[in-house]
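As a plain string of letters, each chain reads:
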Amino acid sequence: MASLFVGARAAVAVGGGAQAAAAFKFEQMPIALPPGYNEQHMNTVRQVNPAFEKIDAWISSVGASIAVNDLTGHGLADGMCIVDTRTNEVIVTYTPTAPAADRFTPFVLDPAPLPYDSTMAPTGCTPGDYNGDGRMDLLVTYWGRTPILFMANSDSKTLSAASYTPRELVPNESPDGKYHGPRWNTDAVYVGDLDGSGHPSIIVGNYFPISDVLDPNGEANVQMLNSLSSAKNGGGDYVFQWYGATSGADPNVQYIQEEGAIPYADTTGWTLAIAGADLTGDGLPDVYIANDFGHGHLLYNRSTPGHIEFTEATGDRTPTTPKSFVLGNGSFKGMGVDFVDLNGDGKFDIIVSNITVAWGLEESNFVFINKSSSNANMASDLASGLAPFTQEAQQYGLAWNGWNWDVKTGDFLNSGTQEVVQTDGFVQGSVDRWNWLQEMAMTNDDLLSNPAMWPNVQPGDDLAGHEYLGFFAKNSSGTYVNVSTELGLNAEIPTRGIATSDTTGDGALDFAVARQWGPPAFYANESPDLGNYLDLNLYRPSTDGQSNQGLEGPGAPAYGATVTITTPSGTQVSQLDGGGGHGGYRSFGVHFGLGSYTGQVSVQIQWHDVNGALHTETTKLAPGTHSLMLTDAIQEVSR
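Residues numbered from 1 in each chain as written. Predicted model: local features only at pLDDT ≥ 70, side-chain atom pairs only at ≥ 80, totals over all residues. Heavy atoms only, no water.

In the annotation of an unreviewed UniProt entry, the entry for the protein reads CRTAC1 family protein, and the organism field reads Actinospica durhamensis.

Laid out in structure tokens, this is it:
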């Protein structure tokens, strides 16, 4: 048995970490916080419903979030929006790499005059231009209430708390100043042009069902999952379609919930992450919903302008395929997701984070490799309910890391190869409670929904609490290996969201990380030998039509734009990511590494214009950064 164990471990071990890490260098830089911020009381656990007191550390294990984007409108994605669980505040600040012109006094967002109280806590902040006026707004999600849209005011010249007008995503009446809307508990958001209308739609993914999770005086209406492998009593996924908007000093936007957009059976999971990409070339993003404790869902987009509709597609099981390796049929703990062309064949693949703790709950991350031969065949398969992907995480070296959350990819060396960054860790303490968790994992599903049947998980208890961020790069044999220790990224603090961005405009991707019950971290890319690159800032004309006024940028982000480039080295595909994953939101820049190539790059862009018409055009661009205005044609504009 010992020999078999050693042989099995050797078979999955991945070497070459030192060599793979040698080309990278990251410098951790301090993040500017609001004046006096660090002098206030810092929480380490949340107040919860009385029924949750015995597992309050478990209930307090999520909520940290981070995003990087162009908040000033100056053309550089060097603004940050951070959810800090230590204070339950949403911080707006700048990256440590930002030039003087993009720096301002950091501040916290204020929901007033909208109703807000101590039974609520923010869980995410998603930058986006939700009214199309060329200014970056902020969508904040919560436990304890529905999301709030902080709309950027046209008369603001610099960033401050007064620069935003808070608006409800879901209309709520408050005659007495108190909150009377549904007690949503949101952990995931996806933003994209779902119906090809030229406007961003929103999918909100909730974790706990509607209940008083964070109210210490709340009703006994809370529950836990009803299965560790196929839970179907979660908070639900909601789809919102853009309806209308105004800009100006008192901006507003209206969204309408699209009932039935997702099949009901696919909306009842415990959602922790959502992402999307156009898999078929029809200009509409298909969506993956990652659910804790059970099945994830790949949703084929059948929408038309003004009407959003999805149907589910699942993988095909062969005699040698474990059940949970079939896309859409897994029993694992989906906690993060990203779409990326991982193998450089010009097609989007899917990476999903799961719990992979050795000697704990050792499942596997998912790397679903796109096996379709063409966009047309992909469309035909998805329409028939078949998802042509195979699960190859172990073959790529990405199967195991720890208790994983957000996952983001990016070409940090500009080599033409994607690296993978993955957050890790659950509840940090000094007393190992894995034996209790493993005992619970064998409990009858009929008992699980009752919090009283769960083992204690309270301050001082530890479940995968000393794991660290994963940074995966390819070794000499082409297999991914975790080089976090070699790069000095191995701080033993549980991490949640990841945001990537070229914050200086020099073609080097930096990244930032949200930590659960710890300060956020920013890592500047100081790698000494970067390859050439192509960075694209893609815009549609804004409704204001006057760029660079106050916080207004060159235009509104071109939600849904997909870019395919071709060089002598091959084909790469990427997209303007409007916001997706778990707790981390990359900037809107579309980034490609070109290696040593210095010639003209063939660039094909597909986009919807402001009227919803679909366009596809191919142009030639030199390496470097380009800002492109997408109307019925491509036009380069100054940043």
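(A) Fine view of the overall build of the protein. Broken down by element type, the protein carries 8 helices and 40 strands. In summary, the protein has a C-alpha radius of gyration of 23 Å against a globular reference of 26 Å for 639 residues, a match within 12%. The principal-axis extents of the C-alpha atoms in the protein amount to approximately 65 × 60 × 50 Å. Buried residues in the protein amount to 62% of all 639 residues. Taking as baseline every contact in the protein between residues at least 6 positions apart, the subset at least 24 positions apart corresponds to 64%. Working note: accessible area of the protein is about 22,200 Å², and carbon and sulfur atoms make up 49% of it. Distance between charge centres in the protein, computed from 28 positive and 70 negative side chains, equals 3 Å. (Helix = DSSP H or I, 4+ residues; strand = E, 2+ residues; numbered from the N terminus. Rg over C-alpha atoms; globule rule 2.2 N^0.38 Å. Buried < 20%, exposed > 50% of the residue type's maximum accessible area, 1.4 Å probe, protein only. Contact = heavy atoms within 4.5 Å. Areas by Shrake-Rupley, 256 points an atom, 1.4 Å probe, with all protein chains shown as cover. Lys, Arg positive; Asp, Glu negative; His and termini not counted. Charge placed at Lys NZ, Arg CZ, Asp CG, Glu CD.)

(B) The nonpolar core, seen in detail. Counting 61 residues, the largest nonpolar core has Ile 202 and Leu 538 as its most contacted members. Broken down by element, the residue count for this core peaks at 5 residues, all from strand β8 (residues 148-152). Aside from chain neighbours lying at most four places away, what touches Leu 538 is Ala 556, Pro 557, Ala 558, Ala 561, Val 563, Leu 576, Val 590, Ile 605, Leu 628 and Leu 630. Ranked by size, the runner-up nonpolar core spans 37 residues in total, among them Ala 57, Val 222, Leu 361 and Met 440. (Core = buried A, V, L, I, M, F, W, Y, C linked by side-chain atoms within 4.5 Å.)

(C) Quick peek at the confidence of the model for the protein. Looking at the protein as a whole, its pLDDT mean stands at 95, while 97% of the residues score no less than 70. Throughout residues 4-8 the model reports pLDDT below 50, and contacts reaching past four residues in sequence, or to other chains, amount to 1 contact. (pLDDT = per-residue confidence, 0-100.)

(D) Fine view of the sheet that holds strand β35 (residues 584-585). Sheet architecture is open: 5 strands sit in the order β5-β4-β3-β2-β35, paired in mixed fashion. Two strands bound the open sheet, and with one partner strand each, they are β5 (107-108) and β35. Two elements, strand β2 (residues 65-69) and strand β3 (residues 79-84), share 5 bridges in a ladder whose sense is antiparallel. Bridge pairing in β3 places Val 68 opposite Met 80. (Pairing = 2+ DSSP bridges.)

(E) A look at the environment of Pro 455. Examined against the element boundaries, Pro 455 turns out to sit in the loop between α7 (445-448) and β25 (461-462). Note: C-alpha distance between Pro 455 and Asn 435 (20 residues apart in sequence) is 10.0 Å. Every residue in contact with Pro 455, bar those within four places of it in the chain, is listed here: Lys 54, Ile 55, Trp 436 and Met 440.

(F) Region of the structure containing the sheet that holds strand β21 (residues 389-391). If you walk across this open sheet you meet the 4 strands as β18-β19-β20-β21, and the pairing is antiparallel. Only two strands of the sheet have a single partner each, and these edge strands are β18 (336-340) and β21. Between one strand axis and the next, the sheet turns through 20 degrees on average, direction left out of account. (Axes fitted to C-alpha atoms, helices over the stretch in contact; angles between N-to-C directions.)

(G) Spatial organisation of the side chain of Asn 414. Mapped onto the elements of the fold, Asn 414 is located in the loop between β22 (404-410) and β23 (419-424). Owing to a relative accessible area of 1%, Asn 414 belongs among the buried residues under this scheme. Within the local environment of Asn 414, its side chain forms a polar contact with the backbone oxygen of Gly 531, the two atoms lying 3.3 Å apart. Filtering out sequence-adjacent residues up to four positions away, Asn 414 remains in contact with Gly 507, Leu 530, Gly 531, Asn 532, Tyr 533, His 591, Gly 593, Leu 594 and Gly 595. (Polar contact = N/O pair within 3.5 Å; in protein donor to acceptor, adjacent residues only side chain to side chain.)

(H) Geometry of the state of the cysteines. In total, this model carries 1 disulfide according to the counting rule given. The residue that forms a disulfide with Cys 81 is Cys 125, at a sulfur-sulfur distance of 2.0 Å. When the S-S torsion is 90 degrees, as for the bridge of Cys 81 with Cys 125, the disulfide is right-handed. With Cys 81 in strand β3 and Cys 125 in strand β6 (residues 121-128), this residue pair connects regions lying 44 residues apart in the sequence. The same class applies to Cys 81 as to Cys 125, namely buried. (Disulfide = S-S within 2.5 Å.)

(I) Broad picture of the packing of aromatic side chains. Applying the stated criterion across every chain yields a total of 30 aromatic pairs. Taking 5.7 Å as the distance between ring centres and 45 degrees as the angle between the ring planes, the aromatic pair formed by Trp 403 and Trp 434 counts as tilted. On the criterion of sequence distance, the pair formed by Trp 403 in the loop between α5 (393-396) and β22 and Trp 434 in helix α6 (residues 434-441) is long-range, its members being 31 residues apart. Since its relative accessible area comes to 10%, Trp 434 is described here as buried. Between Phe 412 and Phe 511 the ring centres are 5.8 Å apart and the planes differ by 75 degrees, which places this aromatic pair in the edge-to-face class. With Phe 412 in the loop between β22 and β23 and Phe 511 in strand β29 (residues 510-515), this residue pair connects regions lying 99 residues apart in the sequence. For the pair Phe 412 and Phe 511, a shared accessibility class is recorded, and that class is buried. (Phe/Tyr/Trp six-rings, centres within 6.5 Å; stacked < 30°, edge-to-face > 60°.)

(J) A look at the pairing of strand β28 (residues 495-501). Most of β28 sits inside the fold, with 7 of its 7 residues counted as buried. Where β28 and β29 come together, 5 bridges link them in antiparallel fashion. The residue bridging Ala 499 from the neighbouring strand is Ala 512, located in β29.

(K) Up close: the pattern of salt bridges. Evaluated as defined, the whole model comprises 13 salt bridges. Of the charged contacts in the structure, one is a salt bridge between Glu 552 and Arg 135, with a shortest N-O distance of 3.5 Å. Highlighted residues: Glu 552 in the loop between β31 (532-540) and β32 (556-557) and Arg 135 in the loop between β6 and β7 (137-143), separated in sequence by 417 residues. Assigned by exposure class, Glu 552 and Arg 135 land together as buried. Between Asp 461 and Arg 433 there is a salt bridge; the shortest N-O distance is 2.8 Å. Here the residue Asp 461 occupies a position in strand β25, and Arg 433 occupies one in the loop between β24 (431-432) and α6, the gap between them amounting to 28 residues. (Salt bridge = Lys/Arg side-chain N within 4 Å of Asp/Glu carboxyl O.)

(L) Just unusual backbone geometry, in detail. Pro 113 follows Ala 112 through a cis peptide bond whose omega is 10 degrees. Among the secondary structure elements, Pro 113 is positioned in the loop between β5 and β6. In this structure, Phe 293 takes a positive phi of about 60 degrees despite not being glycine. Along the chain, Phe 293 turns up in the loop between β15 (286-292) and β16 (297-301). With a phi close to 55 degrees, Asn 414 is a non-glycine residue in the positive phi region.

(M) Region of interest: the side chain of Arg 496. Residue position: Arg 496 is located in strand β28. Polar contacts involving the side chain of Arg 496 include one to the main-chain carbonyl oxygen of Ser 61, which spans 2.7 Å. Contact partners of Arg 496, with chain neighbours within four places excluded, come to Ser 61, Val 62, Ala 64, Trp 405, Asp 406, Thr 423, Asp 424, Gly 425, Phe 426, Ala 514, Gln 516 and His 582.

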